[in-house]
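An overview of the molecular structure
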Amino acid sequence: MERNMDKIYTIEHARMLDREDPLASYRAEFVIKDSSIVYLDGNSLGRLPEKTASYMESAIRKQWGERLIRSWNEGWYKQSARLGKKIAQILGAHPEEVIISDSTSVNLYKLAYGALKAKEGRADIISDDMNFPSDLYIMQGLVRQFGGQHALRLLKSPDGISSDLTELVRMVNHNTALVSLSHVAYKSSYLYDMERVTELAHMHDALILWDLSHSVGVVPVSLNRANVDLAVGCTYKYLNGGPGSPAFLYVKKELQERMENPIQGWFGEQNPFDFNLHYRESEGIRKFLTGTPPVISISGLEPALDMILKAGIGSIRQKSVAQGDYLLSLVQECLPGQGFRIGSPEFFEKRGSHISLKHAEGYRICKALIDPEIGRCVVIPDFREPNNIRLGISPLYTSYEDIFSAMEKLKLIIEEKLYEHYPGTRDQVT
Ligand SMILES: *Cc1c(COP(=O)(O)O)cnc(C)c1O
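Bear in mind the structure is a predicted one, so any value in this text is a computation, not a measurement.

Some thoughts on the overall build of the protein
A count of helical and extended segments in the protein gives 14 helices and 13 strands. In terms of C-alpha radius of gyration, the protein reaches 22 Å, essentially the compact-globule figure of 22 Å for 430 residues. Reported as C-alpha extents along the three principal axes, the dimensions of the protein are approximately 75 × 60 × 40 Å. The buried share among the 430 residues of the protein stands at 57%.

Below, the structure written as structure tokens:
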């Protein structure tokens, strides 16, 4: 084991992989002040692109500071749809099918509500027990608000890591109104076969709603090719939009007229500035908007979207898979018999871009990884209960050296039991 680590798994080898990496140059387009920080949490909050600060600065100083309210006609009003088109391009959707709006949770509420209305008479909403809790809360709330005519049925994962599609086949039937799943599971990184599951829902005339929060920008998605009905997703993870940046929603063209927006506000009106006393819903995707968009926050989205479009989602995925495999082989070579279990699918086709390692001391190990007093770098992962250390790979800025250094520190912490020096009490945000 030692021999292997010395021969193949060396920092020189990692650096060589970085030199051969066709996407390596993108790292310089992000703000990285301290190169001794190994950031492996881009799946939770993406790094700041260099250009983003100047886009936001211009939105504040020029557009707000100088142009004032004139800026609404000079770009603000159209911004949600204009950047929605760029996201549509990343998602293989028609430009008129995606718009920036609200948060992921609110968008999920709007679209799931619309789906239940469109499928009145059908009782079942199907999701799984690996889904992001907020998504499940939204659906539980909808069941209550619709007066208890619906049931939220959760597909149980056999191991907490992957999904049993044959069981899903058994659950979906003529009583299913909506199937709503995360494309990539936030904890285990399990990647659903979007085409297959969408087809399954359609076979029974049910609607499908994908949450793309953990796949957008890092896993190729073809919403149109897969014939997806509805989707939502987050922009502060692999889209690097910054804390609290607004989310997006997608509604297939043929469905847009049929779908009802449960929160009809003036931004979804045909012409908000007519100040008409009676709501006339807007045509197309705009009708899913509600109120004034967070203009400053949206203006920070563009640099990363442009970078992703330029790099190409295929190349991004290729690097993500190679780095995931590299990380897994380091775990196998350097940490055998140390109490780790791989908490993600090992076969790359079934996995998104982060990797979970399970360890009984996961929380305290995370604390040690972040501690600058240990090893030669600060490693920032995140922790998901009860025992998952999540290591996010964001290929536009994650280097092979980052991954090597993180595993080296992990090895040190485990071999010398350094985690024993930290309390197990949880911080508010983990
Ligand atoms: C990150 C994430 C969200 C975030 O929801 P917000 O409403 O934007 O806070 C929702 N769903 C999933 C699956 C996520 O990963």
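Let's pick the thread back up.
Digging into a nonpolar patch on the surface
Together, Ile60, Trp64, Leu68 and Ile69 make up an exposed nonpolar region whose accessible area comes to about 450 Å². With respect to the helices, strands and loops of the structure, Ile60 is situated in helix α3 (residues 50-66).

Remarks on the packing of α3 against helix α11 (residues 302-311)
At a minimum axis distance of 8 Å, the contact between α3 and α11 shows a crossing angle of 140°. When the axes of α3 and α11 are compared, the pair comes out oblique. The residues of α11 that touch α3, namely those facing Lys51, Thr52 and Tyr55, are Glu302, Pro303 and Asp306. Residue composition of the contact of α3 with α11, grouped by class: 2 nonpolar, 1 polar and 3 charged.

Digging into the domain arrangement of the protein
Annotation of the protein at the domain level lists domain 1 (2-51 + 312-421) and domain 2 (53-309). Inter-centroid distance (C-alpha atoms) of domain 1 to domain 2 is 30 Å. The largest per-residue losses of area from domain 1 upon contact with domain 2 belong to Lys51, Ile313 and His354, which jointly make up 21% of the total buried on that side. For the pair domain 1 and domain 2, the interface holds 0 salt bridges.

Let's talk about the sheet that holds strand β5 (residues 176-182)
One open sheet accounts for 7 strands, arranged β2-β8-β7-β6-β5-β3-β4; its pairing is mixed. Only two strands of the sheet have a single partner each, and these edge strands are β2 (98-100) and β4 (151-155). Put simply, the sheet's adjacent strands are angled 20° from each other on average, direction ignored. Alignment of strand β7 (residues 230-233) against strand β8 (residues 248-251), held across 4 bridges, turns out to be antiparallel. Following the sheet pairing, Leu230 is matched in β8 by Val251. Where helix α4 (residues 76-91) meets the sheet, it contacts β2 and β8, and its direction lies at approximately 130° from that of β2.

Side note on the confidence of the model for the protein
Mean pLDDT for the protein: 96, with 98% of residues reaching 70 or above. The spread of mean pLDDT over the elements of the protein runs between helix α1 (residues 2-7), the lowest at 52, and β7, the highest at 99.

A closer look at the packing of aromatic side chains
What characterises a pair of aromatic rings is the spacing of the ring centres plus the angle enclosed by the ring planes. Here the structure, examined in full by the defined rule, presents 18 aromatic pairs. Summarising the aromatic geometry, the rings of Tyr109 and Tyr113 are spaced 6.3 Å apart at their centres and angled 35° between planes, so their arrangement reads as tilted. Of this pair, Tyr109 and Tyr113 both sit in helix α5 (residues 104-118), 4 residues apart, which is roughly one turn of that helix. Each member of the pair, Tyr109 as well as Tyr113, carries the same accessibility label: buried. Taking 5.0 Å as the distance between ring centres and 80° as the angle between the ring planes, the aromatic pair formed by Tyr190 and Tyr192 counts as edge-to-face. By relative accessible area, which is 3% here, Tyr192 ends up buried. A cation sits over an aromatic face here: Lys237 above Phe132, 5.4 Å from the ring centre. The residue whose ring lies beneath Arg286 is Tyr77, and the NZ or CZ to ring-centre distance is 4.4 Å.

So, the pattern of salt bridges
Between side chains of opposite charge, a pair can form as their charged atoms come close. Scanning the model with the defined rule gives 25 salt bridges in all. Lys367 serves as the salt-bridge partner of Asp427, at 2.5 Å between the closest nitrogen and oxygen. In this pair, Asp427 sits in the segment after α14 (400-415) while Lys367 sits in helix α13 (residues 362-370), placing the two residues 60 residues apart along the sequence. Measuring nitrogen to oxygen at the nearest pair gives 2.7 Å for the salt bridge that ties Glu385 to Arg426. On the criterion of sequence distance, the pair formed by Glu385 in the loop between β12 (382-384) and β13 (388-392) and Arg426 in the segment after α14 is long-range, its members being 41 residues apart. One network of salt bridges, in which partners are shared, links Arg82, Lys86, Glu302 and Asp306.

Rules behind the numbers
- Residues numbered from 1 in each chain as written.
- Predicted model: local features only at pLDDT ≥ 70, side-chain atom pairs only at ≥ 80, totals over all residues.
- Heavy atoms only, no water.
- Helix = DSSP H or I, 4+ residues; strand = E, 2+ residues; numbered from the N terminus.
- Rg over C-alpha atoms; globule rule 2.2 N^0.38 Å.
- Buried < 20%, exposed > 50% of the residue type's maximum accessible area, 1.4 Å probe, protein only.
- Patch = residues over 30% accessible without salt bridge, like charges linked within 9 Å, V, L, I, M, F, W, Y side chains within 5 Å.
- Areas by Shrake-Rupley, 256 points an atom, 1.4 Å probe, with all protein chains shown as cover.
- Salt bridge = Lys/Arg side-chain N within 4 Å of Asp/Glu carboxyl O.
- Axes fitted to C-alpha atoms, helices over the stretch in contact; angles between N-to-C directions.
- Parallel < 35°, antiparallel > 145°, perpendicular 65-115°, else oblique.
- Contact = heavy atoms within 4.5 Å.
- Nonpolar A, V, L, I, M, F, W, Y, C, P; charged D, E, K, R; others polar.
- Domains from an automatic or database assignment.
- Buried area = accessible area lost by both parts, 1.4 Å probe.
- Pairing = 2+ DSSP bridges.
- pLDDT = per-residue confidence, 0-100.
- Phe/Tyr/Trp six-rings, centres within 6.5 Å; stacked < 30°, edge-to-face > 60°.
- Lys NZ or Arg CZ within 6 Å of the ring centre and 35° of its normal.

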